[in-house]
Amino acid sequence: GELELAPFFYWAALSSLTSSEVADALVQAWPTVPAQTQEQALELHAPEDACQAPSASTSAILSALWPPGAGPRPLVLERLLQVWIFNSFDHGAGEDALAAGAIYVAASMMSHSCSPNAAWHLDDANSLILHARVPIQEDEEITIPYLSPSDLLLPIAERRAILAATKGFNCGCERCSQSCDTTRAFTCPKCSAVAHA
C-alpha cells in the first residue's frame, strides 16, 4: 500500500534502530545505530498524540519486515518516525528536499524564528556549523529558521501554514506577531541572488 509520508522518513526511522532490533528481520540487515544514539533521538520532540499508537504505515512496515512478535516495539518505531519528521534538517536539493536529511541533537533543541538570531550551514564533512546573525546576549535564547531561505520571504500566513503542516505549530515569533511584516526581498542585479532586508 501507499505510505502516508515521504519514504525518507521511514528509512530514517528504520536506520535509527539498534542492531538487536533488526536482527530478526526477514530481509538483509541495514545500517543501525548504537543504543545511546537511539536514546538521544528518542528524547527529541515528537507530538505525544502521534505517538500513542503505531500508524497504519508503521504497522505495515513492521509486518512486511519482521515475523510476528519479532522486531522493534511498534511504538518505538512510531516515535522514531515522528522524531525524524519534527527534528530532521533537510539535505535534499531542489524539488526533492525530502531525499536526504540528518538529525543534529543539539541543533534540534533550538527554537524556530522567522527572524532568527543564528543561522546554520554544513561544512565539507557534513558537520552543522552554527553562527550568530546578530549579537546574542548571555541569557538570550538562540533561534534558527526551520524554513528555507525562500520560504522565509513568504507572507506571515504562508509561513505559518508551512510550519503548521510540517512542524505542527503556529508560529508566534516576533516577526509573525507584528501587524505588518516589514521584511522585503530583493534580487541582486549583478548575480541574481535573492537577499532580504
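Our structure is the block above this text.
Basis of the calculations
Residues numbered from 1 in each chain as written. Predicted model: local features only at pLDDT ≥ 70, side-chain atom pairs only at ≥ 80, totals over all residues. Heavy atoms only, no water. Helix = DSSP H or I, 4+ residues; strand = E, 2+ residues; numbered from the N terminus. Buried < 20%, exposed > 50% of the residue type's maximum accessible area, 1.4 Å probe, protein only. Contact = heavy atoms within 4.5 Å. Areas by Shrake-Rupley, 256 points an atom, 1.4 Å probe, with all protein chains shown as cover. Lys, Arg positive; Asp, Glu negative; His and termini not counted. Charge placed at Lys NZ, Arg CZ, Asp CG, Glu CD. Pairing = 2+ DSSP bridges. Polar contact = N/O pair within 3.5 Å; in protein donor to acceptor, adjacent residues only side chain to side chain. Phe/Tyr/Trp six-rings, centres within 6.5 Å; stacked < 30°, edge-to-face > 60°. Core = buried A, V, L, I, M, F, W, Y, C linked by side-chain atoms within 4.5 Å. Salt bridge = Lys/Arg side-chain N within 4 Å of Asp/Glu carboxyl O.

*Asks:* Help me out: how do you make sense of the overall build of the protein in this one?
*Replies:* Per the secondary structure count, the protein includes 8 helices and 8 strands. Per-residue burial over the protein gives 36% buried out of 197 residues. Excluding contacts between residues fewer than 6 apart, the proportion of contacts in the protein whose partners are at least 24 apart in sequence is 51%. A total of about 11700 Å² of accessible surface is found on the protein, and carbon and sulfur atoms cover 55% of it. Treating the 9 positive side-chain charges of the protein as one cloud and the 22 negative ones as another, the clouds have centres 11 Å apart.

*Asks:* What exactly am I supposed to notice about the pairing of strand 5 (residues 128-132) here?
*Replies:* Each regular strand carries side chains that alternate between the two faces of the sheet. In terms of strand pairing, strand 4 (residues 118-122) meets strand 5 through 5 bridges, oriented antiparallel. For histidine 121, the partnering residue across the bridge sits in strand 5 and is isoleucine 129. Counting the residues that bridge the hairpin from strand 4 to strand 5 gives 5 residues, and of these asparagine 126 lies at a positive phi of roughly 65°.

*Asks:* Honestly, the environment of leucine 42 in this entry has me stumped. Any pointers?
*Replies:* Within the secondary structure, leucine 42 sits in helix 3 (residues 35-42). Taking the C-alpha atoms as reference points, leucine 42 and valine 76, 34 residues apart in sequence, are found 8.2 Å from one another. Excluding anything up to four places from it in sequence, leucine 42 contacts Val76, Arg79 and Leu80.

*Asks:* Could you clarify how one ought to interpret the side chain of arginine 175 in this entry?
*Replies:* Along the chain, the position of arginine 175 falls in helix 8 (residues 174-177). A polar contact is formed between the side chain of arginine 175 and the backbone oxygen of cysteine 114, at a distance of 2.9 Å. Setting aside anything within four residues of it in sequence, one finds arginine 175 in contact with Cys114, Ser115, Leu152, Leu153, Leu154, Ile156, Arg159, Asp181 and Thr183.

*Asks:* Quick question: what am I supposed to make of the packing of aromatic side chains here?
*Replies:* Two descriptors summarise a pair of aromatic rings, namely the distance from one centre to the other and the angle between the planes of the rings. All chains considered together, the criterion is met by 4 aromatic pairs. Plain terms: the ring middles of tryptophan 30 and tryptophan 66 are 5.6 Å apart, the flat faces sit at 75° to each other, and that makes the pair edge-to-face. Note that tryptophan 30 is positioned in the loop between helix 2 (19-22) and helix 3 and tryptophan 66 in the loop between helix 4 (56-65) and helix 5 (74-87), a separation of 36 residues in sequence. As far as burial versus exposure is concerned, tryptophan 30 and tryptophan 66 are alike and both buried. Aromatic pair tyrosine 146 and phenylalanine 169: ring centres 6.1 Å apart, planes at 85°, arrangement edge-to-face. Note that tyrosine 146 is positioned in the loop between strand 6 (143-144) and helix 7 (156-167) and phenylalanine 169 in the loop between helix 7 and helix 8, a separation of 23 residues in sequence. A residue is classified by how much of its surface remains accessible, and tyrosine 146, at 30% relative accessible area, is partly exposed. Taken together, the ring pairs connect Phe8, Phe9 and Trp84 into an aromatic cluster.

*Asks:* Just to check I follow, could you spell out unusual backbone geometry for this structure?
*Replies:* If a residue is not glycine, its phi is most likely negative; likewise, a peptide bond is most likely trans. With a phi angle near 65°, asparagine 126 is a residue other than glycine that sits in the positive phi range. Within the secondary structure, asparagine 126 is located in the loop between strand 4 and strand 5.

*Asks:* Would you mind showing me how to read the nonpolar core here?
*Replies:* Ranked by size, the top nonpolar core spans 27 residues in total, and within it Leu14, Leu17, Trp30 and Trp66 carry the most contacts. Put simply, the parts of the chain that give this core at least two residues each are helix 1 (7-14), helix 4 and helix 5. Discounting chain neighbours no more than four positions away, the residues touching leucine 14 are Trp30, Pro31, Ile61, Leu65, Trp66 and Leu77.

*Asks:* So what exactly am I meant to see when it comes to the side chain of glutamate 78 here?
*Replies:* With respect to the helices and strands, glutamate 78 occurs in helix 5. Lacking a salt bridge, the buried glutamate 78 has arginine 79 as its closest oppositely charged neighbour, with an N-O distance of 9.7 Å.

*Asks:* Please explain the environment of cysteine 176 as it appears in this structure.
*Replies:* Mapping cysteine 176 onto the fold places it in helix 8. Taking the C-alpha atoms as reference, cysteine 176 lies 26 Å from leucine 128; in sequence the two are 48 residues apart. Excluding residues that lie within four positions of it along the chain, cysteine 176 makes contacts with Cys114, Ile156, Arg159, Arg160 and Cys171.

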